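So you can see what is in the structure, the chains are spelled out below.
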Amino acid sequence: MSEIRPEAVGVSIENLSLSFGDTEVLRGVDLTIEPGEFFTFLGPSGSGKSTLLRAIAGFGPMPGGRILIGADDVTGEPPWTRNVGMVFQSYALWPHMTVRKNVAFGLEERKIMAKEIKARVDEALILVGLLDLAERRPSQLSGGQQQRVALARTIVVEPRILLLDEPLSNLDANLRIQMRRDILDLQRKLKLTTIFVTHDQEEANTTSDRIAVLDQGIIQQVGSPMQLYDEPVNRFVADFLGTANLLDGPLETADGTHLFQSDKDRTVMFRPQDLTIQSLPGDAGPDTALLLGRVEHREFLGSLIRYNVAVGGHTLTVDDSHSAGRQAFSPGDDVALVLDTRNIRILTG
Ligand SMILES: Nc1ncnc2c1ncn2[C@@H]1O[C@H](COP(=O)(O)OP(=O)(O)OP(=O)(O)O)[C@@H](O)[C@H]1O
Ligand SMILES: [Mg+2]
């Protein structure tokens, strides 16, 4: 890699739609990804994440709308002219080649001088921490190391943008955490605009500058991880990012008043940590509402205990922090819940 990298470029997606035969898989996608951003497509299986990523790389059926990389309209251009680097879930390394050969391959195809290839491959291997293992074959590497080879092979050709499709999904839990940090470090070091695909909200939250949440080929919301969690625009986003209490009907408080009315177009939402669980009679302060309920279920999760509490016709999820010696409630206990009413959101979608 050259010492001075080219300026990071952004990506603009304008009213993109894409169908496989009669099946419309992406609908009216509008997105602007900023230069140097770590941007994630997050959504359930089949929501269109890979299709959208592949469309940016130039794979798949011709879409409607436009895709721009930097100032270049690349819609309809073949993949090899776009200068994007893509890492696939199955690393697709060549088993008979050493690590060094695997990484060098893309440069050799470009007829670059051997000396420069060696320097650039060394630099890429140093970046991913694999220089010591350069002479091994993929079968002699761990899953995480193979993942690093795939990454080195992609960045060595200095792509304008980096596309990662679930690159961590076949690693074990601990390695995933390590690798997602390493990928982020590398991305920051290179200031390389990166689009990451995952269905794992924790992975998205811990890495991304911004996330686009997809469902059924439609972007539901774009925002920073905290924005999406704190200010979801609809039920889908509220539910997909973390646990949410989503109520359609009124909630009765301890003094018999109804906190909200039924409205078929509106959903009331608050998070489990917006409720505090207490012994009766309970102690509500300003900006709170006192609710009465009975514990139905308890899950011990280490740092917190998650309760399901029946309140009127609803079952509310309540998170209570846990430390040794702190009182825990049991199924069947009558309890008071204090709801922080400032954090109630009304969703219309
Ligand atoms: N080559 C294809 N031909 C027909 N339909 C396809 C093709 N590729 C994907 N699809 C369909 O398009 C939809 C979106 O698929 P896509 O692979 O983009 O989902 P995804 O969000 O990446 O899911 P996953 O998390 O499972 O990887 C799915 O309904 C899928 O069945
Ligand atoms: Mg996919």
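Throughout this description, residue numbers start from 1 for each chain and increase along the sequence as written. Chains and ligands are labelled by the order in which they are written, letters from A for the one and numbers from 1 for the other. Thresholds applied to this predicted model are a pLDDT of at least 70 for local features of residues and 80 or more for the giving and counting of side-chain atom pairs; totals over whole chains, interfaces and linings are not thresholded and use all residues. Here the side-chain values reflect all heavy atoms present in the structure, with hydrogen atoms and water set aside.

### Here we look at the sheet that holds strand β13 (residues 275-279)
1) Next: In short, DSSP must find at least two bridges between two strands for them to pair. Only runs of H or I of at least four residues qualify as helices and only runs of E of at least two qualify as strands under DSSP, and these elements are numbered from the N terminus. Spatial strand order, β13-β17-β14-β15-β16: 5 strands in an open sheet with antiparallel pairing. Edge positions in the sheet fall to β13 and β16 (314-321), since each of these pairs with one other strand and no more. Strand-to-strand twist of the sheet, defined as the mean angle between neighbouring strand axes without regard to direction, takes the value 45 degrees.
2) Next: Sheet topology note: the strand β15 (residues 304-311)/β16 ladder contains 8 bridges and is antiparallel. Residue pairing for β16: Val 309 is matched across the bridge by Leu 316. For every element, the axis is a line fit to its C-alpha atoms; helices are fit only across the contacting stretch, and the angle between N-to-C directions ranges from 0 to 180 degrees.

### Some points on the sheet that holds strand β2 (residues 23-33)
1) Next: Spatial strand order, β2-β1-β4-β5: 4 strands in an open sheet with antiparallel pairing. The open sheet has two free edges, formed respectively by β2 and β5 (72-73), since each of these has just one partner strand.
2) Next: Strand direction decides the pairing type here: strand β1 (residues 11-20) and strand β4 (residues 64-69), joined by 5 bridges, are antiparallel. Bridged to Ser 12 within β4 is Leu 68.
3) Next: Working rule for contacts: check all heavy atoms of both residues, and any pair within 4.5 Å makes them a contact. Along the sheet face, helix α1 (residues 49-57) touches β1, β2 and β4 and points at about 115 degrees away from the line of β1.

### Details of empty space enclosed by the protein
1) Next: Space inside and on the surface of the protein is sampled on a 1 Å grid over the protein atoms alone, with a cavity defined as a set of points where a 1.4 Å probe fits but cannot get out and a pocket as an open set with protein on both sides within 12 Å along at least 5 of 7 lines; lining residues have an atom within 4 Å of a point. Grid points are joined across faces, edges and corners, and a volume is the space filled by probe spheres set on the points. Within this structure, the stated rule accounts for 1 cavity of 30 Å³ or more.
2) Next: Considered as a void within the structure, the largest cavity measures approximately 30 Å³ in volume.
3) Next: Lining the largest cavity, in full, are Leu 247, Asp 248, Gln 261, Asp 263, Arg 266, Thr 267 and Val 268.
4) Next: Across the lining of the largest cavity, the residue classes tally to 2 nonpolar, 2 polar and 3 charged. Each residue receives one of three labels: charged for Asp, Glu, Lys and Arg, nonpolar for Ala, Val, Leu, Ile, Met, Phe, Trp, Tyr, Cys and Pro, and polar for the others, Gly being one of them.

### Brief notes about the layout of surface pockets
1) Next: Quantified by volume, the largest pocket comes out at close to 690 Å³.
2) Next: Sorting elements by how many residues they give to the lining of the largest pocket places strand β6 (residues 84-87) first, with 4 residues.
3) Next: Partitioned by chemical class, the residues of the lining of the largest pocket number 14 nonpolar, 4 polar and 3 charged.

### Brief notes about the packing of helix α4 (residues 143-155) against helix α5 (residues 173-190)
1) Next: Packing of α4 against α5 brings their axes to within 11 Å, and their N-to-C directions diverge by 20 degrees. On the basis of their axis angle, the class for α4 and α5 is roughly parallel. Crossing hand, α4 versus α5: right-handed. Of the residues in α5, those in contact with Gly 144, Gln 147, Arg 148, Leu 151 and Ile 155 of α4 are Leu 175, Met 179, Asp 182, Ile 183, Leu 186 and Leu 190. Angle categories are assigned with fixed cut-offs, so that under 35 degrees is roughly parallel, over 145 is roughly antiparallel, 65 to 115 is roughly perpendicular, and the rest are oblique. Take the far helix as the reference: if the near one is turned anticlockwise from it by less than a right angle, the crossing is left-handed, and if turned clockwise, right-handed.

### Things to note about the domain arrangement of the chain
1) Next: Under the domain assignment used here, the chain contains domain 1 (11-239) and domain 2 (243-347).
2) Next: In this assembly, 10 residues from domain 1 lie in contact with 9 residues from domain 2.
3) Next: Interface area for domain 1 against domain 2, summed over the two sides, is near 840 Å², with a carbon-plus-sulfur share of 45%.
4) Next: Contact with domain 2 buries surface across domain 1, with Tyr 229, Arg 235 and Ala 238 losing the most and accounting together for 63% of the total.
5) Next: Salt bridges are defined by distance alone: a side-chain nitrogen of Lys or Arg within 4 Å of a carboxyl oxygen of Asp or Glu. Between domain 1 and domain 2 we count 1 salt bridge in total.
6) Next: Polar contact is defined as a pair of N or O atoms within 3.5 Å, subject to the rule that within protein one atom must be able to donate a hydrogen and the other to accept it, and that residues adjacent in sequence are counted only when both atoms are side-chain atoms. At the surface where domain 1 touches domain 2, the tally comes to 6 residue pairs in polar contact (both at pLDDT 80 or more).
7) Next: Split by residue class, the side of domain 1 that touches domain 2 holds 5 nonpolar, 1 polar and 4 charged. Residue ranges for the domains originate in an automatic or database domain assignment. Here's the idea: put two parts together, see how much 1.4 Å probe accessible area each one loses, and the total over both is what we call buried area.

### Observations regarding the pairing of strand β17 (residues 334-340)
1) Next: Note on classification: 1.4 Å probe, protein chains only; a residue is buried when its accessible area is under 20% of the maximum for its type, exposed when over 50%, partly exposed between these limits. Of all 7 residues that make up β17, 6 are buried, and the element is covered over most of its length.
2) Next: Looking at chain direction, β13 and β17 are connected through 5 bridges and run antiparallel. Bridge assignment links Ser 279 to a residue of β17, and that residue is Val 335.

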